[in-house]
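Geometric and topological summary
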Protein chains: 2
Amino acid sequence: MKNLPGLENVQTFLALAQDLNFRRTAERLHLDQSALSRRIQKLEQGLGFRLLDRTTREVSLTQAGQRFYQDNAEVMRSYDEAIRAARSVAEGKSGLLRVAYMAFAATELMPSAMLRFRQAHPHIEVRLEYIRTQGQKIALANGDVDIGYMIGPFDHPDFHALQLSSEPLYVVTPRSHPLLLRPKIVPADLAGQPVILGNMREWEEYRWRLNDLFSAEGIALDVALEASNTLALNGLVAAGLGITIYPESLIGFLGRNVEVRQVMHPSFRSRTVLVWKRSNRSPQVQAFVQVAKQIGLQAS
Amino acid sequence: MKNLPGLENVQTFLALAQDLNFRRTAERLHLDQSALSRRIQKLEQGLGFRLLDRTTREVSLTQAGQRFYQDNAEVMRSYDEAIRAARSVAEGKSGLLRVAYMAFAATELMPSAMLRFRQAHPHIEVRLEYIRTQGQKIALANGDVDIGYMIGPFDHPDFHALQLSSEPLYVVTPRSHPLLLRPKIVPADLAGQPVILGNMREWEEYRWRLNDLFSAEGIALDVALEASNTLALNGLVAAGLGITIYPESLIGFLGRNVEVRQVMHPSFRSRTVLVWKRSNRSPQVQAFVQVAKQIGLQAS
DNA sequence: CGGCACTGATGCACAACATGCATCAATAAA
DNA sequence: TTTATTGATGCATGTTGTGCATCAGTGCCG
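These numbers come from a predicted model, not from an experiment. (Residues numbered from 1 in each chain as written. Chains lettered and ligands numbered in written order. Predicted model: local features only at pLDDT ≥ 70, side-chain atom pairs only at ≥ 80, totals over all residues. Heavy atoms only, no water.)

Here we come to the UniProt feature "domain: HTH lysR-type" (unreviewed entry) in chain A. In this structure's numbering, the residues bearing the UniProt feature "domain: HTH lysR-type" (unreviewed entry) are residues 5–62 of chain A. With 55% helix and 10% strand, residues 5–62 of chain A has its two end C-alpha atoms placed 19 Å apart. (UniProt positions renumbered as here; feature names shortened; annotations may be inferred. Helix = DSSP H or I, 4+ residues; strand = E, 2+ residues; numbered from the N terminus.)

With an RMSD of 0.5 Å, the operation that places chain B on chain A is a rotation of 179 degrees combined with a shift of 0.0 Å along the axis. Such a turn and shift between the copies fits a two-fold axis. Across chain B, the rotation axis passes nearest the C-alpha of Glu8(B), at a separation of 2.5 Å. (Least-squares fit on C-alpha atoms with pLDDT ≥ 70 in both.)

This part covers the protein's contact with DNA strand D. Every one of the 23 residues lining DNA strand D counts as a neighbour, but Ser37(A), Arg54(A), Thr56(A), Arg39(B) and Lys42(B) are closest to it. Counting only the atoms of DNA strand D that lie within 4 Å of the protein, the sugar and phosphate share comes to 54%. A distance of 2.8 Å separates a base oxygen of DNA strand D from a polar side-chain atom of Arg38(B). Lys42(B) has a polar side-chain atom sitting 2.3 Å from a phosphate oxygen of DNA strand D. Listed by contribution, the elements that provide at least two residues to the surface near DNA strand D are α2 (22–28) and α3 (33–47) of chain A together with α3 (33–47) of chain B. (Near = heavy atom within 4 Å. Polar contact = N/O pair within 3.5 Å; in protein donor to acceptor, adjacent residues only side chain to side chain.)

Taken together, 22 residues are adjacent to DNA strand C, and Arg39(A), Lys42(A), Ser37(B), Arg54(B) and Thr56(B) come closest. Within 4 Å of the protein, the atoms of DNA strand C are drawn from sugar and phosphate moieties in a proportion of 57%. Here a phosphate oxygen of DNA strand C sits 2.3 Å away from a polar atom, N or O, in the side chain of Arg54(B). A distance of 2.7 Å is found between a base oxygen of DNA strand C and a side-chain nitrogen or oxygen belonging to Arg57(B). Of all the secondary-structure elements, those providing two or more residues to the surface near DNA strand C are α3 of chain A together with α2 (22–28) and α3 of chain B. Here the surface near DNA strand C is built from residues that sort into four nonpolar, nine polar and nine charged. (Nonpolar A, V, L, I, M, F, W, Y, C, P; charged D, E, K, R; others polar.)

Right, let's talk about the interface of chain B and chain A for a bit. Accessible area lost during the coming together of the parts is what is often quoted as the interface size. The partner chain A presents 40 residues to the 41 residues of chain B that form the contact. With both chains or domains summed, chain B and chain A bury close to 3500 Å², and 63% of this area falls on carbon and sulfur atoms. Linking chain B with chain A are zero salt bridges, by the criterion used here. Taken together, the links from chain B to chain A amount to eight residue pairs in polar contact (both at pLDDT 80 or more). Mapped by element, the contributors of at least two residues to the side of chain B that touches chain A are α1 (10–19), α4 (63–90) and β3 (95–101) of chain B. The dominant element in the side of chain B that touches chain A, judged by the number of residues it contributes, is α4(B), at 19 residues. (Contact = heavy atoms within 4.5 Å. Buried area = accessible area lost by both parts, 1.4 Å probe. Salt bridge = Lys/Arg side-chain N within 4 Å of Asp/Glu carboxyl O.)

Domain annotation for chain A reports domain 1 (7–90) and domain 2 (95–300). Domain 1 of chain A and domain 2 of chain A are separated by 61 Å when their C-alpha centres are compared. (Domains from an automatic or database assignment.)

Within the element layout of this structure, Thr12(A) appears in helix α1 (residues 10–19). Discounting chain neighbours no more than four positions away, the residues touching Thr12(A) are Leu29(A), Leu36(A), Arg39(A) and Ile40(A).

What follows deals with the packing of aromatic side chains. A complete count under the given rule lists 20 aromatic pairs over all chains for this structure. Where Phe68(A) meets Tyr79(B), the ring centres are 6.3 Å apart and the plane angle is 65 degrees; that geometry is what we call edge-to-face. Remark: Tyr79(B) occurs in helix α4 and Phe68(A) occurs in helix α4 (residues 63–90); the pair is interchain, linking two chains. Side by side, Phe68(A) and Tyr79(B) carry an identical accessibility label, which is buried. Ring-pair connections join several aromatic residues into one group, and the members of that group are Phe104(A), Trp203(A), Tyr206(A) and Tyr246(A). (Phe/Tyr/Trp six-rings, centres within 6.5 Å; stacked < 30°, edge-to-face > 60°. Buried < 20%, exposed > 50% of the residue type's maximum accessible area, 1.4 Å probe, protein only.)

Residue and element names in this part refer to chain B. If you check which residues of helix α9 (residues 230–238) are buried, you get Leu233, Asn234 and Val237. For α9, the arc enclosing every buried residue in end-on projection is 95 degrees, short of the 170-degree limit, so these residues lie on one face. The inward-facing, buried residues of α9 abut β6 (159–174), β7 (194–198), α8 (200–216), β8 (222–227), β9 (244–247) and β10 (258–262). Measuring from the backbone nitrogen of Leu231 back to the side-chain oxygen at the start of α9 gives 3.0 Å, which picks out Asn229 as the cap. Within two residues after α9, Gly240 carries a phi angle of roughly 85 degrees, on the positive side. (Arc of directions from axis to C-beta.)

It is worth spelling out the side chain of Thr244(B) at this point. Residue and element names in this part refer to chain B. Here Thr244 lies in strand β9. The exposure class of Thr244 is buried, given its relative accessible area of 1%. Polar contacts involving the side chain of Thr244 include one to the main-chain carbonyl oxygen of Ile196, which spans 2.7 Å. When near neighbours in sequence (up to four residues on either side) are disregarded, Thr244 contacts Tyr170, Val171, Val172, Val195, Ile196, Leu197, Trp203, Leu233 and Val237.

See the structure below:
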């Protein structure tokens, strides 16, 4: 970048150009008259042309000085505006926040947090993106998103992870199914039942979580079928081909041709965590965490 | 005007923001790394918010820093442009020049100077104004015009006056007139001749000059009539009511019903001078003087 | 796991620089 | 002429920015 001469003294010149009197201006700037005189000299020397014609009795702007004054008054206004804008970003009063979310957060957690957040910080632009848990980890690491709702638990030294909710899991069955007769369903009741799940590509992290839960109870998961979308899954269950396991947040989206019962077990729950990079200390993220935390706590 | 913090160091920040590496940037700026580090610290402190996130391994812009960078890159471009514009005015490559002229310069001197000037300095805006000699003195003193063609001589410590031409005077007579029979007309021949002149309001300085010339020769000027416009003057002379005295530059505009003869006398001439304020050192004026001088010299 | 290279931050001494004071020359007003 | 006010300037001083040396933190490589 080319060196721009005299930048430091432009403000001084502008002040002087306003009342065209060294002593008065110097006083206004809490400066000695001589210092002001030298600043202007230095500015002119740096620029290579005169800005002011001075006699001992009166000071006037040269034509170049007039032009320089008008243009730079505008430049300084722009600079002031730039500071204002940057500060507003720094204080989190504006700026951009990129939020990723996965299916379980899409129905309640994320939307209600979003609502509150927009009310509290209307000047922050929010960009929402649906990304599954694994993808979020990459996106966060790359800096493509600022914060993500993912399936927990998540633990990594580079990231903050805040658990927002822990929702019960439900077994989804056809309308008449032997399990429905039981007063209370526990994990052990599901042993040997044919289970229909979304395929790995779609359900990924959730399936790993289910596997963990069942194997922790010593129960083998009998995956009878895989479905590639929710409608098909619902249909297959309704047709009696097996059961499936759904988190609470999604059961409202099942059809009327299936029944749901909560799986009563303290660890049979799906945890949703809010994750962001430790190195990302942007105030937008801080502000969003504040809001999401409150929403999460009342939901869990 | 509000104080704008950190202006001095914005350029430094912009340079740093470009490659996000203190050592490399410092080297590029011929600075020690520590000095750069402190400049940025000072800038941030002045602004009150961080512009860069620094770990020992990598430097990145905060969101506020990004915004600050983008905005101020533009601001610095504007400043650069402001310098360029002011310099171009200072060097006389652009700007405004206000030129006043009186009738004798309107036919040849001013137009041909104007032509040359426009070719040499096409970026300088010229504003032309017809003002008679006396009015020009006031306009120049007020700064309403930069330079004027007036009837000379003119001498005043506050002004530069450059004589551009010295044109012979002509006596204007009806087509048949006793004077025309003489092989050569001298001022003494005009003694006792009834003379028709423009009125004081229109001819002002020129009439004073004629009075001077005649009285210097000991000849009384017999003003028989006054005319308020050139056509009337021409008509009155043609009708035989008297003669009049015209400068060379205007005789081409007389009708065919009059005759002209040069008045042969070294001091019977009309001088046109170019006048401008000594305090006005604007390059536009200098440039115009250069051109007008050349035109004037070849014309005189 | 242990050097190694490279990062930005910091303590310190020094030099450069801007500042304030006193004063000057020029000029307008009284 | 006197007086007051203008901007410029010489000089001593205090502030400030700079460079050098060094530190602590971190990724890389064997």
